[in-house]
Amino acid sequence: MIRSLSYFMRNKGYVRIPLTKTQSGHYICTVILNGISGTFIVDTGASHTCVALEKEAHFALTSTEAEKQAASASSNDMHTRLSKENLLQMGVWEQRKQELILFDMTPVNTALAQFEEAPVDGIIGADVLHAAKAVLDYRRSGLYLKSNFYYL
């Protein structure tokens, strides 16, 4: 008997986070950052999890000047800030002491606007995906994260 991926992943201790596929082809999800809800792109090609620079106060972030500047496929040497000790939650999965890179996401949101998509607040990068042992289910638009809660 063939079981569903969802059944298999739940039995392995994963939780499912629903994703929405945008007109631009990106997958987005709801993230709770320091207790505040936001919309983030899931980006396996991004090395770090990032937040739009203008959302620093919105998400109650405390940041310092980053030692290194970030680079992306679309530009080099972007001004960045670093925020540590953040609580990031997706569904029941959570990561405490999450580091975040803050940068100007105007080019990202401008590209999304061309597809009549709402702006996003940030990007979930490979640092979180790796820590969560993430599995993407493109067929059913889901993200599975290894639960870090142990029930007795």
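Residues numbered from 1 in each chain as written. Predicted model: local features only at pLDDT ≥ 70, side-chain atom pairs only at ≥ 80, totals over all residues. Heavy atoms only, no water.

Novice: Give a detailed account of the overall build of the protein, specifying residues and quantitative values.
Specialist: Helices and strands together make up the secondary structure of the protein, namely three helices and 11 strands. Ordering the α and β elements of the protein from the N terminus gives α-β-β-β-β-β-β-β-β-α-β-α-β-β. The 152 residues of the protein split such that 38% are buried. By sequence separation, contacts in the protein at least 24 residues apart represent 57% of the contacts at least 6 residues apart. (Helix = DSSP H or I, 4+ residues; strand = E, 2+ residues; numbered from the N terminus. Buried < 20%, exposed > 50% of the residue type's maximum accessible area, 1.4 Å probe, protein only. Contact = heavy atoms within 4.5 Å.)

Novice: Describe the sheet that holds strand β1 (residues 14-18), with residues and values.
Specialist: Ordered by their spatial adjacency, three strands build an open sheet running β1-β11-β10, and the pairing between neighbours is antiparallel. Only two strands of the sheet have a single neighbouring strand rather than two, namely β1 and β10 (135-137). For this sheet, the mean angle separating the axes of adjacent strands, direction not counted, is 25°. Pairing of β1 with strand β11 (residues 142-146), which is carried by five bridges, proceeds in the antiparallel orientation. Bridge pairing in β11 links Val15 to Leu145. (Pairing = 2+ DSSP bridges. Axes fitted to C-alpha atoms, helices over the stretch in contact; angles between N-to-C directions.)

Novice: Pulling in residues and values, what's your account of the packing of aromatic side chains?
Specialist: This model, assessed by the stated rule, comprises two aromatic pairs. Note on Tyr27 and Tyr138: the rings are 5.4 Å apart at their centroids and 70° apart in plane angle, and the pair reads as edge-to-face. You can see Tyr27 sitting in strand β3 (residues 27-33) and its partner Tyr138 sitting in the loop between β10 and β11, a full 111 residues away along the chain. Residue class for Tyr27 comes out buried when judged on its relative accessible area of 12%. (Phe/Tyr/Trp six-rings, centres within 6.5 Å; stacked < 30°, edge-to-face > 60°.)

Novice: Run through the pairing of strand β8 (residues 93-103), naming residues and quoting values.
Specialist: Relative to β8, strand β5 (residues 50-52) runs parallel, the two sharing three bridges. Across the sheet, residue Ala52 finds its bridge partner in β8, namely Phe103. In this structure, strand β7 (residues 80-90) lies alongside β8, joined through eight bridges in antiparallel fashion. Its bridge partner being in β8, Leu82 is matched across the sheet by Ile101.

Novice: Would you mind going over the pattern of salt bridges in detail, with residue names and values included?
Specialist: Evaluation of the coordinates by the stated rule reveals three salt bridges. Lys55 is the salt-bridge partner of Asp121, the closest N and O atoms lying 3.2 Å from each other. Of this pair, Asp121 sits in the loop between α2 (106-113) and β9 (122-124) while Lys55 sits in the loop between β5 and β6 (63-65), and the two are 66 residues apart along the sequence. Residue Lys55 is classed as partly exposed on the basis of its relative accessible area of 23%. The shortest N-O distance in the salt bridge between Arg81 and Glu65 comes to 3.0 Å. Pair noted here: Arg81 is in strand β7 and Glu65 is in strand β6, with a separation of 16 residues, a long-range link. Residue Arg81 is classed as partly exposed on the basis of its relative accessible area, which comes to 21%. (Salt bridge = Lys/Arg side-chain N within 4 Å of Asp/Glu carboxyl O.)

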